[in-house]
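# What the coordinates show
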Amino acid sequence: MTSIRFIHTADLHLDSPFKGMTELPKERLKELRDSTFNAFDRLISYALKEQPDFIVIAGDVYDGEDRSLRAQQRFHDGMEKLNKAGIPVFLCHGNHDHLGGRWVRFDLPPNVRTFGNEVTEQHLQIRGQDVFLIGFSYPERHVTTSMIDTYPIAERNDAIHIGLLHGSIAGDSTHAVYAPFTKEQLVGKQYDYWALGHIHKRQFIHRDPYIVYPGNLQSRHRNERGIKGFYDVTLEKGSTDLSFIPASSIVFDEIHVSCQDIHHANELLLTCSQEIEKFRSLNGAGVCDLVLTEVSTEVSEMLNTSTIDEWLRLIRETEEEQEPFVWVSSIEVDERVIAMQEVNAVTHSVINLMNDWSMGEWKEVVSDVYQHTKGIRYLEPLNEQDLEDIKRKASSILMKEMAGME
Ligand SMILES: [Mn+2]
């Protein structure tokens, strides 16, 4: 059997405006606003070097439905390079760049095949191997009805079938669901690979066949943590091999700083700098929240001699000249260790109770926010990492408040 090789990417969100990042110095903000383009350039360079048989883009090329001119031009230029290199691109549009948006249309080169607003099948032959790609583009922003029933079941055993779908799993009450589907429905189509988009966190929904969210190419805010990129997929009937290829040019993450052996302010600053340096050598440029852990009562008192904003300003100043830049967006003190020593039995038992809640119970607790009709549009589905954050912050608030009442 012939094996084929393709790139699976999604959620490029070109020209994402990074609203709310206005604290950054002008130059850094510019770098940030270029990051979605830089990540895209990395994708294109990789493809030109590696020469895959084709590329699949599963929606949200653009960040806004007005598709900025700049974003369209950059995308067009990237596609043109692939065209010259003879690399076909299969593209569907998602909720962010749906077909109903008002924009000046750029004519894309002939190597780009865009899916229309109904599910259709496109054919390609690679070294004698028939490949079918099946997908659709969003005709408008909100496609909340299920589209999966309109995908045909794979008919030919000898051909490779790849489904493109921008959407989310049905029944997840924590998130506005687009073009919902179940894992069983996807598997039931008997395709060899499902190229998903929409959820920005990289994940496998299923293996054999692989059902994959590659995540976005470049994070857009603090809740999209870690290195972002795309998949390089080698596939033949019955076997799939995936490599994750990093593309993000600015990494959003948390930096944990242990304050265990710290007694003086200069030690604290030095330790922060060292941890930031470690981050920099590992990831390059970044936007990070510093989380101070193992905070003794002594360190806590020291921190309280100034406001957190002053500490933040000081750390930012020390980092100012460093390249590539790491912007510290906040300092958070994990109060659990200090407070646990002083906490009373009631607080203790509430925290224990909270730690025992299941994911389902947590979803119930946060449903006010996650099921809010306006808020929901801005929220990614609740995941394990969000839950850890919420737990940590809830414990800190609880302990602070309880301590204050005594
Ligand atoms: Mn998206």
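Our subject is the structure that appears above.
In short, a report on the structure. Because the structure is a prediction, the values reported are computed rather than measured.

## Section: the coordination of the manganese ion
At this site the manganese ion is bound by Asp11 (OD), His13 (NE2), Asp60 (OD) and His200 (NE2), with donor distances of 2.0 to 2.4 Å. Along the chain, the residues donating to the manganese ion are arranged with the sequence spacing D-x1-H-x46-D-x139-H. Of this pair, Asp60 sits in the loop between strand E2 (54-58) and helix H2 (69-84) while His200 is found in the loop between strand E8 (193-197) and strand E9 (203-206), placing the two residues 140 residues apart along the sequence. Taken as a pair, Asp60 and His200 share a single burial class, namely buried.

## What to know about the packing of helix H1 (residues 26-50) against H2
At their nearest, the axes of H1 and H2 sit 10 Å apart, and the two run at 10° to each other. In terms of orientation, H1 lies roughly parallel with respect to H2. Mapping the contact onto sequence places Arg33, Asp34, Phe37, Phe40, Asp41, Ile44, Ala47 and Leu48 in H1 and Arg70, Ala71, Arg74, Phe75, Gly78, Met79, Lys81 and Leu82 in H2. Taken together, the residues of the contact of H1 with H2 break down into nine nonpolar, one polar and six charged.

## Section: the sheet that holds strand E1 (residues 4-9)
If you trace the six strands from one edge of the open sheet to the other, you get E4-E3-E2-E1-E11-E12, paired in mixed fashion. Of all the strands in the sheet, the pair left with one neighbour each is strand E4 (112-114) and strand E12 (239-246). Recorded for the sheet is a direction-independent mean angle of 20° between the axes of neighbouring strands. On the sheet, H1 packs against E1, E2, strand E11 (229-236) and E12 and is oriented at approximately 175° with respect to E1.

## Remarks on the sheet that holds strand E13 (residues 251-258)
On the basis of which strands lie adjacent, the open sheet formed by three strands has the order E13-E14-E15 and parallel pairing. Both edges of this open sheet fall to E13 and strand E15 (326-333), since each of them pairs with a single strand only. Strand-to-strand twist across the sheet, computed as the mean angle between neighbouring axes with direction ignored, equals 25°. Taken strand by strand, helix H6 (residues 308-319) contacts strand E14 (286-293) and E15, and its axis lies near 150° from that of E15.

Calculation rules
- Residues numbered from 1 in each chain as written.
- Predicted model: local features only at pLDDT ≥ 70, side-chain atom pairs only at ≥ 80, totals over all residues.
- Heavy atoms only, no water.
- Donors = N, O, S within 2.8 Å, 3.2 Å for Na, K, Ca; no water.
- Helix = DSSP H or I, 4+ residues; strand = E, 2+ residues; numbered from the N terminus.
- Buried < 20%, exposed > 50% of the residue type's maximum accessible area, 1.4 Å probe, protein only.
- Axes fitted to C-alpha atoms, helices over the stretch in contact; angles between N-to-C directions.
- Parallel < 35°, antiparallel > 145°, perpendicular 65-115°, else oblique.
- Contact = heavy atoms within 4.5 Å.
- Nonpolar A, V, L, I, M, F, W, Y, C, P; charged D, E, K, R; others polar.
- Pairing = 2+ DSSP bridges.

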